[in-house]
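Analysis of the macromolecular model
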Amino acid sequence: YLGQEVVPNSGCGSWLMENQATNLITYSEDFSGWNSYQATSNTITAPDGNSVLFLDFEDTRMFPTTTISNSTEYTSSIYLKANKVADVKFRNAAGQDTVISLTTDWMRYELTGTSTSTVTNALLIDARFSQGLGAVGLEISLWGAQLEENSFSTSYIPTSGATSTRLRDIATNSGNADLINSEEGVLYAEISALANDGQFKTVSLRNSATNSYANTLNITYSSTINQILAVYRVNTSSVVILSKTLNNALDFNKIAFKYKSGDFSLWINGVEEDIASNTTMLSSGILDEVIFYRSDNSSPFYGKNKALAVYKTALTD
């Protein structure tokens, strides 16, 4: 599981680029329909600023029942805050329980699993003494329940009686050939991936008139865990492929891809990590668009972006 503390206003912001996702929990903030629901009169402020109830979790368990597809990967997530430090069990869509440690701060907990039936009690929270858990007088407040067909949790999607879908994030900047030099320059991004899931995630320069994987340059997280690639393609040939294994793709890294005839290099956090001396170059005026996916509209970038820049000249070291 992953417990993420909610820390408002915690520093520099970033663009969040996410895939399309649907929250299958139809009431993400109303838990009165959950099995064994037992509300107290105690209230607390939720992460969104509204008041929510503490629920009585002494020697009990609560859960919703949700219809899903069989043999499919799902991630369940929920924000929890207890009135005291305690261990409870948290269930995923595969029916597997994991012991999590609750605190008196709001934390988001997530579990991923592959379903084994068409119904699930994912999000089941078990605090029974018979399970070797529980605490006298334990109360837990719940908020932001989410179940999505995904290998990792995405940002919270509120629901109030029906499932809800957030569309894929798309960002482009097209038609700016005067701001991009096809013959030399630097593509720079300070980015982090949302998951180490073996999926390509790409930031590209391309020609806006075409949708093929040709005449482009990319910074991309590859299908290899923690690997970053810098790729330069002339026509349909990858004439330069530079690479580096990051310490952690989920952390922000400052990545610069310099391209110039005879002088290609990949820089990570101020360090030159790979070079190439290719002299086969794109013609003037080819590159005119910045996109958060590959030039053939595949491999969308799902992650966070603190900075993105395109330089018209190949900068010095």
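Residues numbered from 1 in each chain as written. Predicted model: local features only at pLDDT ≥ 70, side-chain atom pairs only at ≥ 80, totals over all residues. Heavy atoms only, no water.

For the chain, the count of helices and strands is zero helices and 26 strands. Dimensions along the principal axes, computed over C-alpha positions, put the chain at roughly 70 × 35 × 30 Å. Of all 317 residues assigned to the chain, the portion counted as buried reaches 47%. Contacts in the chain between residues at least 24 apart in sequence constitute 71% of all its contacts with a sequence separation of at least 6. Put simply, the chain shows about 14100 Å² of open surface, and 44% of that area lies on carbon and sulfur atoms. Taken together, the 20 basic and 32 acidic charged side chains of the chain have centroids lying 2 Å from each other. (Helix = DSSP H or I, 4+ residues; strand = E, 2+ residues; numbered from the N terminus. Buried < 20%, exposed > 50% of the residue type's maximum accessible area, 1.4 Å probe, protein only. Contact = heavy atoms within 4.5 Å. Areas by Shrake-Rupley, 256 points an atom, 1.4 Å probe, with all protein chains shown as cover. Lys, Arg positive; Asp, Glu negative; His and termini not counted. Charge placed at Lys NZ, Arg CZ, Asp CG, Glu CD.)

So, on to the layout of surface pockets. Of the voids in this model, the second largest pocket is the one considered here, and its volume is about 230 Å³. Lining the second largest pocket are 14 residues, and of these Val186, Tyr188, Ala256, Trp267 and Leu315 sit closest to its centre. Within the residue set of the lining of the second largest pocket, elements represented by two or more residues are β17 (185-193), β22 (253-259) and β23 (264-268). Broken down by element, the residue count for the lining of the second largest pocket peaks at five residues, all from β22. Grouping the amino acids of the lining of the second largest pocket by side-chain chemistry returns eight nonpolar, three polar and three charged. (1 Å grid on protein atoms, 1.4 Å probe; cavity = no way out; pocket = protein on both sides within 12 Å on 5 of 7 lines; lining within 4 Å. Points joined across faces, edges and corners; volume = space filled by probe spheres on them. Nonpolar A, V, L, I, M, F, W, Y, C, P; charged D, E, K, R; others polar.)

The predicted model of the chain has a mean per-residue pLDDT of 92, with 94% of residues at 70 or higher. Note on residues 1-10: pLDDT is under 50 here. Beyond four places in sequence and across chains, it has 23 contacts. (pLDDT = per-residue confidence, 0-100.)

Another point: the pattern of salt bridges. Where charged atoms from two side chains of opposite charge approach closely, those side chains can pair. Following the criterion strictly, the structure yields nine salt bridges and no others. The partner of Arg206 in a salt bridge is Glu289, and the shortest N-O contact between them spans 2.7 Å. Pair noted here: Arg206 is in strand β18 (residues 201-206) and Glu289 is in strand β25 (residues 289-291), with a separation of 83 residues, a long-range link. A salt bridge links Lys258 to Asp263; the nearest nitrogen and oxygen atoms lie 3.2 Å apart. Residue Asp263 is classed as partly exposed on the basis of its relative accessible area, which comes to 29%. (Salt bridge = Lys/Arg side-chain N within 4 Å of Asp/Glu carboxyl O.)

This brings us to empty space enclosed by the protein. Inspection of the entire model under this criterion finds one cavity of 30 Å³ or more. Considering the residues around the largest cavity, the lining is formed by 15 residues, among which Asn196, Tyr221, Ser222, Thr224 and Asn226 are closest to the centre. Tallied by class, residues from the lining of the largest cavity come to five nonpolar, eight polar and two charged.

Looking now at the environment of Glu149. Topologically, Glu149 is positioned in the loop between β14 (139-148) and β15 (164-166). Counting along the chain gives 160 residues from Glu149 to Ala309, while the straight-line C-alpha distance between them is 33 Å. Filtering out sequence-adjacent residues up to four positions away, Glu149 remains in contact with Thr72, Glu73 and Tyr74.

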